[in-house]
Structures are given as C-alpha cells and as structure tokens.
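# Examining the three-dimensional arrangement
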Amino acid sequence: MAGLFITLEGGDGSGKTTQAALLEAWLGEQGRRVVRTREPGGTDLGLELRQIVLHRRGHIAARAEALLYAADRAHHVETLVRPALDRDEVVLQDRYVDSSVAYQGAGRVLGGDEVRELSVWATGGLTPDLTVLLDLDPQVGRSRLDAAEKSWDRLESEAAAFHGRVRDSYLAIARAEPARFLVVDATLPVAEVAAAVRARVADLLTEQ
Ligand code: TYD
C-alpha cells in the first residue's frame, strides 16, 4: 500500500462534491485512510486566501489571481497533501493544478502553459495519480446551481463564454494526458458516475 493522490475536476455544478463523498466512503470500505480536501481553502491559510480570491470585491489582476491560487496550493501541498501521501493515505482532492490551467488560462490574458508552470513550481511538481474530470455543458451546471439557490462567487459570475472556454480547456488537458485522466459524462445518473470512478480507482489499488 502506498499513498494515492486523486483529484476531481470539472465546472461548477458538475457534481464533484457528491462524487468525492461517495468515493471517500467506498475507499473507507476498502480499508484505506482517506484525507478529503479541496483548493482553494484546504488549510487555515488557504481559507484566508479563498476568502480573498473568491469573495473580494473589486478587480484582482489576472497574474495576482493566479499567484493567490498558487500560494494556496503551495501551502496546501507542503503542509497537508504530501504528509498524507507520505503516511500512505489516499488524498481525495476537489480541484488542483488543472483548475488553474482551465480557469486562469481561460481568461486568455495568461497562457495555460505559464499558469501550469507556476503551479509546478508551487508544488514541487506533485502530479495526481488520477484526475477525474466530470464533464458537463456549463449551462447545465449553471442551472443546477440555480436550482440549489447557491450564490455565485467571483469565478462563477464570469460570462457563459468564459465557462465554455474552461470546459474546452479541461477536455484538451485530458486529451493530452489520457493516462492520468478519467473523463466521465456528468449528465449520467450519480450512481453510474460513481461506478465508473470506482472501477478506475479499483484498478489503481490493485496496481499498488
Ligand atoms: P469550488 O471550491 O469548487 O467552488 P464551490 O465551493 O463554490 O463549489 O471552487 C471555487 C472556484 O475557484 C471555482 O469557481 C473555480 C475557481 N478556481 C480557479 O479559478 N482556479 C483554481 O486554481 C482553483 C483551485 C479554483
């Protein structure tokens, strides 16, 4: 048994939280210790950064925004993620580097490659063993959020075209790194998505 780093990615309303909870329960049944966490905001410092980057009123320069996410990530990886992996636990994480590439890169001010390089520096190059991309038309994700009457943060308030670029960027990243990614159609019933995720994770566990 060794540490396993699994990240969940996808647009807002794609069901990451639901799937993380189901996978956490299943991993527990397999006898694995799981650390469930998220970015931004997986640490105490991260919660302060999350408040700034998601809820601060007024403009944040694109490079500053990318650096705030990278700062959250650097602290999170060093103080929480790597120590858990070193203890051979499973880290199940809502959003990671691919979120920065997709969201900060999709603003088009910054290129996806430079955003990735910043995160690679911030994390010392820690790469997930598996990234689950819950792929969803952003308009469907948006209507799910509306139905849940959730208030929008700074990123969620971006225009529809921005969220279309985020989705395209995610799919391009997944195509470029097929071995790391499992792409699942997030319009499938929750149980079907969960079964697809479990099957892939089960393979990883037997490879260990
Ligand atoms: P998330 O915690 O998934 O939102 P919520 O709790 O509201 O469901 O993510 C918060 C937002 O941060 C989301 O809109 C995407 C954005 N984000 C980035 O733009 N870049 C990043 O690197 C990360 C981690 C998140």
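One can find the structure itself at the top, above this paragraph.
What you see is a predicted model, and the numbers here were worked out from it, not measured in a lab. (Residues numbered from 1 in each chain as written. Predicted model: local features only at pLDDT ≥ 70, side-chain atom pairs only at ≥ 80, totals over all residues. Heavy atoms only, no water.)

### Some words on empty space enclosed by the protein
Note the cut-off: Grid spacing is 1 Å over the protein atoms alone, the probe is 1.4 Å, and a cavity is where that probe fits but cannot get out, while a pocket is an open set with protein on both sides within 12 Å along at least five of seven lines and lining residues have an atom within 4 Å of a point. Grid points are joined across faces, edges and corners, and a volume is the space filled by probe spheres set on the points. Each helix corresponds to a stretch of at least 4 residues labelled H or I by DSSP, and each strand to a stretch of at least 2 residues labelled E; elements are numbered beginning at the N terminus. Three residue categories are used. Nonpolar comprises Ala, Val, Leu, Ile, Met, Phe, Trp, Tyr, Cys and Pro, charged comprises Asp, Glu, Lys and Arg, and polar comprises the others, including Gly.
Tallied over the full model, the rule gives one cavity of 30 Å³ or more. Its volume calculated, the largest cavity comes out at about 150 Å³. Considering the residues around the largest cavity, the lining is formed by 16 residues, among which G11, D12, L136, P138 and H163 are closest to the centre. Going through the elements one at a time, β4 (130–135), α6 (138–147) and α7 (160–176) are the ones with two or more residues in the lining of the largest cavity. Residues of the lining of the largest cavity, tallied by class, amount to eight nonpolar, four polar and four charged.

### So, the sheet that holds strand β1 (residues 4–10)
Threshold: For two strands to be treated as a pair, DSSP must find no fewer than two bridges joining them. What counts as an axis is a line fitted to C-alpha atoms, over the stretch in contact for a helix, and the angles between N-to-C directions run from 0 to 180 degrees. Only heavy atoms matter for contacts: two residues are in contact if any of them lie within 4.5 Å across the pair.
Read across the sheet, five strands follow the order β2-β3-β1-β4-β5 without closing on themselves; strand pairing throughout is parallel. Edge positions in the open sheet fall to β2 (34–38) and β5 (181–185), since each of these has one partner strand only. Adjacent strand axes in the sheet meet at a mean angle of 20° when their direction is disregarded. Pairing geometry for β1 and strand β3 (residues 90–94), over five bridges, is parallel. Within the sheet, the bridge partner assigned to L8 lies in β3 and is D94. Its contacts with the sheet place helix α4 (residues 97–106) against β1, β4 and β5, and it is angled at close to 25° to β1. The strands touched by α7 are β1, β4 and β5; relative to β4, the strand with the most contacts, the crossing angle is about 145°.

### Some thoughts on the site of the ligand
Operational definition: Here a residue is near a molecule or strand as soon as one of its heavy atoms is found within 4 Å of it. Within 3.5 Å is the distance limit for a polar contact, defined as a pair of N or O atoms, with the added protein rule that one can donate a hydrogen and the other accept it, and that residues adjacent in sequence qualify only through two side-chain atoms. Areas reported here follow the Shrake-Rupley algorithm with a probe of radius 1.4 Å; residue values treat only the protein chains shown as occluding. The rule for placing a molecule in a cavity or pocket is simple: more than half of its atoms must lie within 2 Å of the grid points.
In the vicinity of the ligand, 16 residues are found, and the nearest of them are R50, R73, R95, S100 and Q104. Y69 places a polar side-chain atom, nitrogen or oxygen, 3.2 Å from an oxygen atom of the ligand. For the ligand, a nitrogen atom lies 2.8 Å from a polar atom in the side chain of Q104. Protein coverage of the free-state accessible area of the ligand, which is 560 Å², stands at 91%. More than half of the atoms belonging to the ligand lie within 2 Å of the grid points that define the largest pocket. Mapped onto the shell around the ligand, the elements with two or more residues apiece are α2 (44–55), α3 (62–86) and α4. Per-element tally for the shell around the ligand: the top contributor is α4, with four residues. Within the shell around the ligand, the residues separate by chemical class into five nonpolar, three polar and eight charged.

### What about the packing of α3 against helix α5 (residues 112–123)?
Short version of the rule: Here roughly perpendicular refers to angles of 65 to 115 degrees, roughly parallel to angles under 35, roughly antiparallel to angles over 145, and oblique to all remaining angles. Here a crossing is called left-handed whenever its near helix is offset anticlockwise from the far helix by less than a right angle, and right-handed whenever the offset is clockwise.
At their nearest, the axes of α3 and α5 sit 8 Å apart, and the two run at 30° to each other. When the axes of α3 and α5 are compared, the pair comes out roughly parallel. For the pair α3 and α5, the crossing hand works out as right-handed. Contacts from R63, A66, L67, A70, R73, A74, V77 and R82 of α3 reach α5 at E114, L118, S119, A122 and T123.

### Looking at the nonpolar core
Keep this limit in mind: Nonpolar cores are built from buried Ala, Val, Leu, Ile, Met, Phe, Trp, Tyr and Cys residues. Side-chain atoms within 4.5 Å join them into one set. Burial classification: accessible surface area is computed with a 1.4 Å probe over protein chains only, and a residue below 20% of its type maximum counts as buried, one above 50% as exposed, and the rest as partly exposed.
With 28 residues, the main nonpolar core has F5, V91, Y103, L126 and V166 as its most contacted residues. Listed by contribution, the elements that provide at least two residues to this core are α2, α3, α4 and α7. If one sorts the elements of this core by residue count, α3 sits on top with six residues. Ranked by size, the runner-up nonpolar core spans 22 residues in total, among them L8, L23, L136 and V193.

### A short note on the environment of R175
Locating R175 in the fold gives a position in helix α7. On the accessibility criterion, R175 (62% relative accessible area) is exposed. Put simply, R175 and Y96 are 79 residues apart on the chain and 17 Å apart in space, counted from C-alpha to C-alpha.

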